[in-house]
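Notes for the structure review
What follows is the residue order along each chain.
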Amino acid sequence: MKLSVIVPVYKAEEYLRECVNSILTQTMEDLELILINDGSPDNSEAIMREYAEKYPQKVRTLSIDNGGQGRARNFGIDMARGEFLSFIDSDDWLESDTFELMLKAADENNADIVVCDMEKRFDDGRREYVKAAIQSHPMASAGSASNKIFRRALVGDIRFPHGVWYEDFDFSAKLLMLSKKTVFVEKPLYIYRCGQQSTMTNNNAKKNLDILTVMEDIRTFAETHGRRDDYEFMLINHVLLDSIKRLAVQTAPDKDEVIKKLRDHVREQIPDLNKCESYRNESRNRRIIMKLNYMGLEKLSIAVLILFSNKK
């Protein structure tokens with residue numbers, strides 16, 4: 001078996017068929033589809049059974065009590081028989097040649113991880129191309145697990161954390177550190193449905209502190225494997241820049257308190273930003289935003305960001 005595709009399912013009855021059909025009609029046929037019902041209260045389980053009965057050689061299902069996406073994916077990993085693993089969200093879908101192109105790239109490059117670009121699809125019909133990595137650093141694509149395939153041997157006993165946000169980030173970051181070869185397919189093969197609230201669009205300020213729990217887990221892993229520089233790259237990009245930037249435009253009353261905790265954590269880990277090699281290697285504009293956030297001037301950094309955007 002070449003590929004195991006793992007899909008956690010929760011309140012997905014509106015979109016599940018589109019997701020599953022896009023997997024079962026792939027031009028690369030040597031795959032299995034593992035659907036994990038994460039205690040979904042709607043009609044999702046019936047839809048899963050329908051596909052399992054129609055495609056008994058290709059579709060496997062499991063129903064568990066609700067425990068979150070990361071936990072459901074972990075059950076899928078334990079069931080998987082493929083040489084590579086893929087993790088697809090149940091409200092998204094794929095271009096028909098996604099796995100053919102990604103597995104070809106893996107085979108031609110003897111790659112442990114293959115990453116593709118994404119396309120956001122909005123309820124109003126808008127589309128937005130999202131490059132997997134806008135920076136050259138090997139950890140720059142750590143965000144989503146869904147636009148990647150991972151060699152099963154690389155995954156080993158690494159699993160998604162559960163009960164916290166940013167579980168994709170935790171899982172992908174660790175594997176990217178271990179990967180001997182990561183390659184990119186620069187096509188928007190993964191279609192990401194926008195319109196529902198997500199970790200990136202929420203207004204729950206305190207829940208954003210989960211990034212610190214995840215970053216501490218990543219730090220321990222990185223230092224164990226001699227990859228402290230990779231950890232610092234992720235800390236300044238995902239906490240100092242992205243998380244604070246996202247929180248700064250929220251309306252939640254406790255956002256300032258949360259931003260301070262994020263900033264204090266970065267300062268504790270990197271007491272002198274100017275001595276951080278990852279910071280010094282950033283572009284001038286990104287360094288400016290990071291520096292302002294590090295100094296507690298996140299409101300000014302948003303204004304500067306708008307200025308940078310208007311100059312493009």
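To keep things clear, this report deals only with the structure shown in the data block. (Residues numbered from 1 in each chain as written. Predicted model: local features only at pLDDT ≥ 70, side-chain atom pairs only at ≥ 80, totals over all residues. Heavy atoms only, no water.)

1. Brief notes about the overall build of the protein chain
Threshold: Each helix corresponds to a stretch of at least 4 residues labelled H or I by DSSP, and each strand to a stretch of at least 2 residues labelled E; elements are numbered beginning at the N terminus. For the radius of gyration, the atom set is restricted to C-alpha positions; the globular benchmark scales as 2.2 Å times the number of residues to the power 0.38. Categorising residues by exposure relies on relative accessible area from a 1.4 Å probe, with only protein chains included: less than 20% of the type maximum marks a residue as buried, more than 50% marks it as exposed, and the intermediate range marks it as partly exposed. By the convention used here, residues are in contact when the closest approach between their heavy atoms is within 4.5 Å. What sets the accessible areas is the Shrake-Rupley method with a 1.4 Å probe; for residues, cover comes only from the shown protein chains. Here Asp and Glu are counted as negative and Lys and Arg as positive; His is not counted, and neither are the chain ends. For charged residues, the charge sits on one atom: NZ in Lys, CZ in Arg, CG in Asp, CD in Glu.
Counting secondary structure elements, the protein chain contains twelve helices and nine strands. For 312 residues, the compact-globule formula gives about 20 Å, and the C-alpha radius of gyration of the protein chain, at 20 Å, lands near that figure. A principal-axis box enclosing the C-alpha atoms of the protein chain has dimensions of 60 × 40 × 35 Å. Counting the 312 residues in the protein chain, one finds 53% classified as buried. Restricting to contacts in the protein chain with at least 6 residues of sequence separation, those with at least 24 account for 78%. Carbon and sulfur atoms provide 48% of the accessible area of the protein chain, an area that totals close to 14400 Å². Taking the 46 positively charged and 50 negatively charged side chains of the protein chain as two groups, their mean positions are separated by 5 Å.

2. Structural notes on the pairing of strand β1 (residues 3–9)
Consecutive residues of a regular strand have side chains that alternate between opposite faces of the sheet. For clarity, the threshold we go by: DSSP-based pairing: two strands are paired if at least 2 bridges between them are found. Place the viewer so that the strands point away; then a crossover is right-handed whenever the path from the first strand over the helix to the second strand goes clockwise.
Summarising burial for β1: seven of the seven residues are buried, a large majority. Going residue by residue along β1, you find Leu3, Val5, Val7 and Val9 tucked away on one face and Ser4, Ile6 and Pro8 tucked away on the opposite face as well. Strand direction decides the pairing type here: β1 and strand β2 (residues 31–38), joined by seven bridges, are parallel. Across the sheet, serine 4 pairs through a bridge with glutamate 32, a residue of β2. Handedness of the crossover is the feature at issue here: the chain leaves β1, passes through helix α1 (residues 16–24), returns alongside β2, and the resulting connection is right-handed. Note that β1 and strand β4 (residues 84–87) share four bridges and pair parallel.

3. Let's talk about the packing of helix α8 (residues 228–248) against helix α11 (residues 284–294)
Short version of the rule: Lines are fitted to the C-alpha atoms to define the axes, a helix being fitted only along its stretch in contact, and any angle between axes, read from their N-to-C directions, falls within 0 to 180 degrees. Orientation categories follow fixed angle ranges, with anything under 35 degrees roughly parallel, anything over 145 roughly antiparallel, 65 to 115 roughly perpendicular, and all other angles oblique. Lys, Arg, Asp and Glu make up the charged group, whereas Ala, Val, Leu, Ile, Met, Phe, Trp, Tyr, Cys and Pro make up the nonpolar group; the residues left over, Gly among them, are polar.
The geometry of α8 relative to α11 is characterised by a closest axis approach of 9 Å and an angle of 75° between their N-to-C directions. Taken together, the axes of α8 and α11 are roughly perpendicular relative to one another. Where α8 abuts α11, its residues Ile236, Asn237, Leu240, Leu241 and Ile244 lie against Arg286, Ile289, Met290, Asn293 and Tyr294. The residue inventory of the contact of α8 with α11, partitioned by class, reads seven nonpolar, two polar and one charged.

4. Some words on the packing of aromatic side chains
Geometrically, a pair of aromatic rings is defined through the distance of the ring centres and the angle of the planes. For the record, the criterion: To pair, rings of Phe, Tyr and Trp, with the six-membered ring standing in for Trp, must have centres within 6.5 Å; the planes then decide the type, stacked if under 30 degrees apart, edge-to-face if over 60, and tilted in the middle.
Under the defined criterion, the tally for this structure stands at seven aromatic pairs. An angle of 15° between the planes, with centres 6.4 Å apart, marks the rings of tyrosine 51 and tyrosine 55 as stacked. Tyrosine 55 sits in the partly exposed class, given a relative accessible area of 30%. Ring centres of phenylalanine 160 and phenylalanine 171 lie 3.9 Å apart, and the angle between their planes is 10°; this geometry places the pair in the stacked category. Placement of phenylalanine 160 in the loop between α5 (152–155) and α6 (167–178) and of phenylalanine 171 in helix α6 is noted, with a sequence separation of eleven residues between them. When sorted by exposure, phenylalanine 160 lands in the same class as phenylalanine 171, which is buried. An aromatic cluster is defined as three or more aromatic residues linked by ring pairs; in this entry it consists of Phe87, Phe150, Phe160 and Phe171.

5. Considerations on the nonpolar core
Side chains of a nonpolar character, in soluble globular proteins, are inclined to be buried together. What counts, and what does not: In this text, buried Ala, Val, Leu, Ile, Met, Phe, Trp, Tyr and Cys residues form a nonpolar core when linked through side-chain atoms within 4.5 Å.
Among the nonpolar cores identified, the biggest contains 66 residues, and Phe169, Phe171, Met215, Ile218, Met234 and Leu262 are the most heavily contacted of them. Beyond its immediate sequence surroundings of up to four residues, phenylalanine 171 is in contact with Ile77, Phe87, Phe150, Val155, Ile158, Arg159 and Phe160. Counting 36 residues, the second-largest nonpolar core is a separate cluster that includes Leu3, Ile47, Met102 and Ala111.

6. A look at unusual backbone geometry
With a phi angle near 50°, lysine 11 is a residue other than glycine that sits in the positive phi range. In this model, asparagine 110 sits at a positive phi of 50°, which is unusual for a non-glycine residue.

7. Here's the deal with α8
This is how the line gets drawn: Multiplying 1.5 Å by the residue count of a helix minus one yields the expected span of that helix. One fitted axis covers the seven residues ending at a residue, a second covers the seven starting there, and the bend at that residue is the angle between these axes.
With 21 residues, α8 extends 28 Å from end C-alpha to end C-alpha; this agrees with the ideal 30 Å at 1.5 Å per step. Taken as a whole, α8 carries its principal kink of about 25° at aspartate 242. Of all 21 residues in α8, 17 are buried; the element is thus mostly enclosed.

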